[in-house]
Amino acid sequence: MPELPEVEVTRLSFADRIRDARILAARPGLPLRWPLGCAPEQLEDRTVQDVRRRGKYLLLHLDQGVLLLHLGMSGSLSFDAAPAAPGRHDHFDLVTTHGTLRLHDPRRFGAVVWSASLQLDPARKLLASLGMEPLGERFDPAAFHAGLRGRRAPIKQVLLAGDVVVGVGNIYASEALFQAGIRPTVRADRLSRARADRLHAAVRQVLARAVERGGSTLRDFSSATGESGHFQLEAAVYGRAGQPCLQCATPVRLIRQGQRSTYFCPRCQRA
């Protein structure tokens, strides 16, 4: 499932190239998670002014309205000057004067949604519950700790929930907790300010490094230029069950939390 680093890598791989492009056509394929929200013809002659990100949503700001793109569980975007004919799993083409932005999504849990503005539905509804941006200036340690104090669930599941901090996916939650020396099963409201500060710093560092490494490609993720991610190759605990911890040589453990795999070192993450 593409998480925040993969979405940010995708954004960076085409944002500059599509900026100032005029839309020639919008071509939906099979239905996606949510309807487009406007007639495809309504997007013609609109200009792409900027591409930003909120959580795992890509925001294509147009001269009138905004397109919200979500990659779902298996989606990826490509941007090509002369793309091939759409394949079986290509479900949306945005044809512009600079090239075609194409959503490829085998499971069709992704979405392309138009909204008149971010302050109006459907954008307002889709973005309203998202937590702080972990790579943004407003990701404040005090606010992070305050958010954790209001949650009694295990810290790993709170990170994944996305309402305290957004976009910390399964791989990155395990890695950040390892880096901070915090066991994934500890209750979020029991973290001291000092430990929450360590986790705050670890979340920032892990996600920034993941973006730098092009995200993680476990199955089929690639950027809009077709490049795979490599962060998974340097993961300290994720995917390393039974292998020696890189810090203390204790075997890495695997448990299940909320139907998701959690990896941790029982010695380095004692509490």
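What you are looking at is a predicted structure, and each value in this text was computed from that prediction instead of being measured.

**Digging into the sheet that holds strand S5 (residues 76-80)**
In step 1: Across the sheet, 4 strands lie side by side as S1-S6-S7-S5; this open sheet has antiparallel pairing. With one partner strand each, in any of the chains shown, strand S1 (23-28) and S5 form the two edges of the open sheet. Across the sheet, the mean angle from the axis of one strand to that of its neighbour is 15°, orientation sign disregarded.
In step 2: Across 5 bridges, the pairing between S1 and strand S6 (residues 90-96) is antiparallel. By the bridge assignment for S6, Ala26 is matched with Leu94.
In step 3: Packed on one face of the sheet, helix H1 (residues 4-18) meets S5, S6 and strand S7 (99-104) and runs near 30° to S5.

**Thoughts on the nonpolar core**
In step 1: Phe144, Leu148, Ile155, Leu159 and Leu199 are the most contacted members of the largest nonpolar core, which has 37 residues in total.
In step 2: Of all the elements in the fold, those that place two or more residues in this core are helix H3 (141-149), helix H4 (155-161), helix H5 (170-180) and helix H6 (193-212).
In step 3: With residues up to four places along the chain from it excluded, the contact list for Leu159 reads Phe144, Val165, Val168, Ala173, Leu177 and Leu199.
In step 4: By size, the runner-up hydrophobic cluster in this structure holds 28 residues, among which are Ala15, Ile18, Leu58 and Leu103.

**Structural notes on the pairing of S6**
Every other side chain in a regular strand lies on the same face of the sheet, so the side chains alternate between the two faces.
In step 1: Burial analysis of S6 places 7 of its 7 residues in the buried class, which makes it a mostly covered element.
In step 2: Bridge count between S6 and S7: 6 bridges; the pairing is antiparallel. Pairing of Phe92 across the sheet is with Leu103, part of S7.
In step 3: What sits between S6 and S7 in their antiparallel hairpin is a turn of 2 residues.

**Digging into the sheet that holds strand S3 (residues 57-62)**
In step 1: Spatially, S2-S3-S4-S8 is the arrangement adopted by the 4 strands of the open sheet, whose pairing is antiparallel. The open sheet is flanked by strand S2 (48-54) and strand S8 (111-115), the only strands paired with a single partner. In this sheet, adjacent strand axes meet at a mean angle of 20° when their direction is disregarded.
In step 2: One ladder, built from 6 bridges, connects S2 with S3; its direction is antiparallel. In the strand pairing of S3, Arg52 is matched with Leu59.
In step 3: Contacting S2 and S3, H1 crosses the sheet at an angle of about 170° to S2.

**Section: the layout of surface pockets**
In step 1: In this structure, the second largest pocket occupies an estimated 510 Å³ of space.
In step 2: What lines the second largest pocket is a set of 26 residues, and nearest its centre among them are Lys56, His70, Leu130, Leu160 and Ala161.
In step 3: Only helix H2 (123-127) and H4 provide two or more residues apiece to the lining of the second largest pocket.
In step 4: Of the residues forming the lining of the second largest pocket, the biggest block, 3 residues, is contributed by H4.

Definitions and limits used
- Residues numbered from 1 in each chain as written.
- Predicted model: local features only at pLDDT ≥ 70, side-chain atom pairs only at ≥ 80, totals over all residues.
- Heavy atoms only, no water.
- Pairing = 2+ DSSP bridges.
- Helix = DSSP H or I, 4+ residues; strand = E, 2+ residues; numbered from the N terminus.
- Axes fitted to C-alpha atoms, helices over the stretch in contact; angles between N-to-C directions.
- Contact = heavy atoms within 4.5 Å.
- Core = buried A, V, L, I, M, F, W, Y, C linked by side-chain atoms within 4.5 Å.
- Buried < 20%, exposed > 50% of the residue type's maximum accessible area, 1.4 Å probe, protein only.
- 1 Å grid on protein atoms, 1.4 Å probe; cavity = no way out; pocket = protein on both sides within 12 Å on 5 of 7 lines; lining within 4 Å.
- Points joined across faces, edges and corners; volume = space filled by probe spheres on them.

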